[in-house]
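# Architecture and fold: a report
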Amino acid sequence: MPGAPQRLSQEVVAFVQKLRGMDLFKAPGVAETIDWSRALVELDRLALDPATIDNTLGALLKYQDDIARVQGSEAARLLAELRTELGHA
């Protein structure tokens, strides 16, 4: 996404890849990832945080069951995992 901070872009890609590894009704595709990135840039986010993920998952996931499954502790767990992998504090 042009104009997105590098750290945010890295975290978005890693988070979406983790979601694609889950058993979701509909895994996010490229269009949903771009839409989500655009929303995050509009919100002036430099990096992901659990609250922002929870509040914006509707731009990324299209089914309420998938959103409910990821929101909260699962989103926080995925974020912590990807930050460790990316070396982000």
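Located above this text is the structure these notes cover.
What comes next is a walk through the structure. On a predicted model such as this, the values are computed, not experimentally measured, just so you know.

Here we come to the overall build of the protein. Summing up its helical and strand segments, the protein has five helices and zero strands in all. Each helix and strand of the protein, placed in order from N terminus to C terminus, yields the pattern α-α-α-α-α. Computed over C-alpha atoms, the radius of gyration of the protein comes to 12 Å, within 12% of the 12 Å expected from 2.2 N^0.38 for 89 residues, which places it in the range of a compact globule. Classification of the 89 residues of the protein by burial places 40% in the buried group. Considering only contacts within the protein whose residues lie at least 6 apart along the sequence, 71% involve residues at least 24 apart. Only carbon and sulfur atoms are counted for the fraction: they give 53% of the accessible area of the protein, which is about 4900 Å². In the protein, which carries 10 positive and 13 negative side-chain charges, the distance between the mean positions of the two groups comes to 3 Å.

Here helix H1 (residues 6-20) crosses helix H2 (residues 30-42) at 140 degrees, and the two axes come no closer than 11 Å. Considered as vectors, H1 and H2 are oriented oblique to each other. Seen along the crossing, H1 lies across H2 with a hand that is right-handed. Residues Leu8, Val12, Phe15, Val16 and Arg20 of H1 touch H2, and the partners they reach there are Val30, Thr33, Trp36, Ser37, Leu40 and Val41.

Parameters and conventions
- Within each chain, residues carry numbers counting from 1 in the order of the written sequence.
- Note on the predicted model: pLDDT of at least 70 is required for a residue's local features to be given, and 80 or more for side-chain atom pairs to be given and counted; whole-chain, interface and lining totals, by contrast, use all residues.
- Side-chain metrics in this entry use all non-hydrogen atoms of the structure; hydrogen atoms and water are not considered.
- Under the scheme used here, helices are H or I runs from DSSP no shorter than 4 residues and strands are E runs no shorter than 2 residues, and both carry numbers assigned from the N terminus.
- For the radius of gyration, the atom set is restricted to C-alpha positions; the globular benchmark scales as 2.2 Å times the number of residues to the power 0.38.
- Note on exposure labels: buried denotes an accessible area under 20% of the residue type's maximum, exposed denotes more than 50%, and partly exposed covers the range between, all computed with a 1.4 Å probe on protein chains only.
- Throughout, a contact is declared for two residues whenever any of their heavy atoms are within 4.5 Å.
- Shrake-Rupley sampling with a 1.4 Å probe provides the accessible areas, and residues are treated as covered by the protein chains on show and by no other component.
- For the purpose of counting charges, residues Lys and Arg are taken to be positive, whereas Asp and Glu are taken to be negative. His and the chain ends are not included.
- Taken as the charge location is NZ of Lys, CZ of Arg, CG of Asp or CD of Glu.
- The axes are straight lines fitted to the C-alpha atoms, using for helices just the contacting stretch, and the angles between their N-to-C directions are given from 0 to 180°.
- Orientation categories follow fixed angle ranges, with anything under 35 degrees roughly parallel, anything over 145 roughly antiparallel, 65 to 115 roughly perpendicular, and all other angles oblique.
- When the near helix sits turned anticlockwise from the far one by under a right angle, the crossing is termed left-handed; a clockwise turn instead gives a right-handed crossing.

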